[in-house]
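Analysis of the macromolecular model
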Amino acid sequence: MTLPDLSVSIDPAKLEKLAEVAVKVGLRLQEGQELVMTAPLAALPLVRLITKHAYKAGAGIVTTFYADEETTLARYAHAPDASFDQAPGWLYDGMANAFEKGAARLAIAGDNPMMLAGQDPAKVARANKANSIAYKPALEHVSNFDINWNICSYPNPSWARLVFPDLPIAEAVEKLAEAIFAASRVNDADPVAAWVAHNAELRKRSSWLNGERFQALHFTGPGTDLTVGLADGHEWHGGASTAKNGITCNPNIPTEEVFTTPHALKVEGHVSSTKPLSHQGTLIDNIQVRFEGGRIIEAKASRGEEVLLKVLDTDEGARRLGEVALVPHSSPISASGILFYNTLFDENASCHIALGQCYSKCFLNGASLTPNEIKAQGGNSSLIHIDWMIGSDKIDIDGISADGMKVPVMRKGEWA
Ligand code: ZN
Ligand code: ZN
């Protein structure tokens, strides 16, 4: 079988700029630094360009691991049942080892968001859990910001088909590519300068929130009345982040959010999702949950509920929050009106919360806190970190200060 080469639908000059932004802004890859990359096989054209720019920036060795939809599905069709509790730990141990030795991490997103939709949810959950456990030591270097890291994305045809189901596939790929380029700020004559300006804007928002030192945020809107207590000594971040290795990177391309750590024990009320969540190949839609004492005690979804419930049972921390993030409804990604079915994009179009692991970075002096100190201040820990969208143009947010005063933060989805 011969497949048409859909990469011809993608503007090569812009793809090259995206690769340059990923290396120079996303990673700020340093001379001599190794790079460990993961990508869908379809993203090969971008992998090649990133590799080129990484070496031009002086990279030591660039190593890429590919994932392929057909081979993943072959596992679900033919692998022995017991294998769904296994994961390639040797590979993740190797990655953890690379990060300990100073390698940077880049992930290219763009997998088919519906890849596993037809598979047995129990098998999907078992495979995901085994993978999360095996990947944890490597992931901790990323979530603790020991190293510079980045996620960017490529318009994989199977993703484009889902985003633009009514368009011929070549046009869908072209349109998704243009949306990725616009959101990643590569259409600018000088994308690196555009990112410097964008980072300064996000810093202005996070500095204001850090000055206010709210003890909680109160979200109200259709199906939502949620009070998210913030962790003691929480710190807001957005845009560029300085990793513990001293390198200031932009972990997400694109990014529009400012975010911090909620208090794992102080979340009360109910909240409804405002966009579908694509979680490792399954779509979860119309999530409604109720929190008591920081813990989800009721959860349902109109689609993918079985997967959601299994995710919540991953471990004790999976029912608690590890992140709360603010994004204005008018953000460029939201203004595009496109539902991407991809968290990297959809979370940057909407205020969101994340189940599971918190970022130690989002504490004052976070780099010097021990895991026990982070826990004592309200930081959550879990094998998972799953962002889901709760913002819209109908959501109001108030900050609650230490003396109980309410300060408008957002009205109808915009900064107040
Ligand atoms: Zn986020
Ligand atoms: Zn997150």
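Residues numbered from 1 in each chain as written. Chains lettered and ligands numbered in written order. Predicted model: local features only at pLDDT ≥ 70, side-chain atom pairs only at ≥ 80, totals over all residues. Heavy atoms only, no water.

Where an unreviewed UniProt entry is consulted, the protein chain appears under the name Aminopeptidase, with the organism given as Ciceribacter naphthalenivorans.

1. Details of empty space enclosed by the protein
For the coordinates displayed, the defined rule picks out one cavity of 30 Å³ or more. Considering the residues around the largest cavity, the lining is formed by Leu-277, His-279, Ile-284, Ile-287, Leu-308, Val-311, Leu-355, Ile-386 and Trp-388. Elements represented by at least two residues in the lining of the largest cavity include exactly strand E12 (277-279), helix H9 (305-312) and strand E18 (385-389). Per-class residue counts for the lining of the largest cavity are eight nonpolar, one polar and no charged. (1 Å grid on protein atoms, 1.4 Å probe; cavity = no way out; pocket = protein on both sides within 12 Å on 5 of 7 lines; lining within 4 Å. Points joined across faces, edges and corners; volume = space filled by probe spheres on them. Helix = DSSP H or I, 4+ residues; strand = E, 2+ residues; numbered from the N terminus. Nonpolar A, V, L, I, M, F, W, Y, C, P; charged D, E, K, R; others polar.)

2. Description of the pairing of E18
For E18, the tally of buried residues reaches four of five residues, placing the bulk of the element in the interior. For strand E17 (residues 352-356) and E18, the ladder comprises five bridges, and the chain directions are antiparallel. In the sheet register, Leu-355 faces E18, and the bridge partner there is Ile-386. (Buried < 20%, exposed > 50% of the residue type's maximum accessible area, 1.4 Å probe, protein only. Pairing = 2+ DSSP bridges.)

3. Notes on the packing of helix H5 (residues 121-143) against H9
The geometry of H5 relative to H9 is characterised by a closest axis approach of 9 Å and an angle of 30° between their N-to-C directions. Here H9 runs roughly parallel to H5, going by the angle between their axes. Note that H5 runs across H9; the crossing there is right-handed. Along its contact with H5, which presents Pro-121, Ala-122 and Ala-125, the element H9 presents Glu-306, Val-307 and Lys-310. (Axes fitted to C-alpha atoms, helices over the stretch in contact; angles between N-to-C directions. Parallel < 35°, antiparallel > 145°, perpendicular 65-115°, else oblique. Left-handed = near helix turned anticlockwise from the far one by under 90°. Contact = heavy atoms within 4.5 Å.)

4. A closer look at the coordination of the zinc ion (ligand 2)
Here the zinc ion (ligand 2) is held by Glu-323 (OE), His-385 (NE2), Asp-387 (OD) and Asp-387 (OD), and the distances to it run 2.0 to 2.5 Å. One can describe the donor arrangement at the zinc ion (ligand 2) as irregular, given that its four donor atoms subtend angles of 55 to 147° at the metal. All donor residues of the zinc ion (ligand 2) come from one chain, and their arrangement in sequence is E-x61-H-x1-D. Taken as an interatomic distance, the gap from the zinc ion (ligand 2) to the zinc ion (ligand 1) is 3.4 Å; Glu-323 donates to each of them. Here the residue Glu-323 occupies a position in strand E16 (residues 321-326), and Asp-387 occupies one in strand E18, the gap between them amounting to 64 residues. The pair Glu-323 / Asp-387 is uniform in exposure class, with both members buried. (Donors = N, O, S within 2.8 Å, 3.2 Å for Na, K, Ca; no water. Tetrahedral: all angles 85-135°; square planar, octahedral: opposite > 155°, others 65-115°.)

5. Points about the sheet that holds strand E2 (residues 62-67)
Strand order in the open sheet made by the four strands is E2-E1-E3-E4, with parallel pairing throughout. In this open sheet, the two edge strands, each paired with only one partner strand, are E2 and strand E4 (149-153). Direction aside, neighbouring strands of the sheet carry axes that sit 15° apart on average. In this structure, strand E1 (residues 35-40) lies alongside E2, joined through six bridges in parallel fashion. Directly across from Val-36, in E2, lies its bridge partner Thr-63. Sheet contacts for helix H4 (residues 89-100): E1, E2 and strand E3 (104-109); angle to E1, the most-contacted strand, approximately 140°.

6. Looking at the coordination of the zinc ion (ligand 1)
The protein atoms that coordinate the zinc ion (ligand 1) are Glu-257 (OE), Glu-323 (OE), Glu-347 (OE) and His-352 (NE2), at distances spanning 1.9 to 2.7 Å. Because the angles between the four donor atoms bound to the zinc ion (ligand 1) fall within 71 to 144°, the donor set is best described as irregular. Written as a sequence motif, the donor residues of the zinc ion (ligand 1) are E-x65-E-x23-E-x4-H. Judged by relative accessible area, which is 2%, Glu-323 ranks as buried. On the basis of relative accessibility, which here comes to 5%, the residue Glu-347 falls in the buried class.

7. Quick notes on the layout of surface pockets
Space inside the second largest pocket adds up to approximately 500 Å³. Pro-371, Ile-374, Gly-379, Asn-380 and Ser-381 are, among the 27 residues lining the second largest pocket, the residues nearest its centre. The biggest single contributor to the lining of the second largest pocket is helix H12 (residues 371-376), with five residues. Of the residues in the lining of the second largest pocket, the class split is eight nonpolar, 13 polar and six charged.

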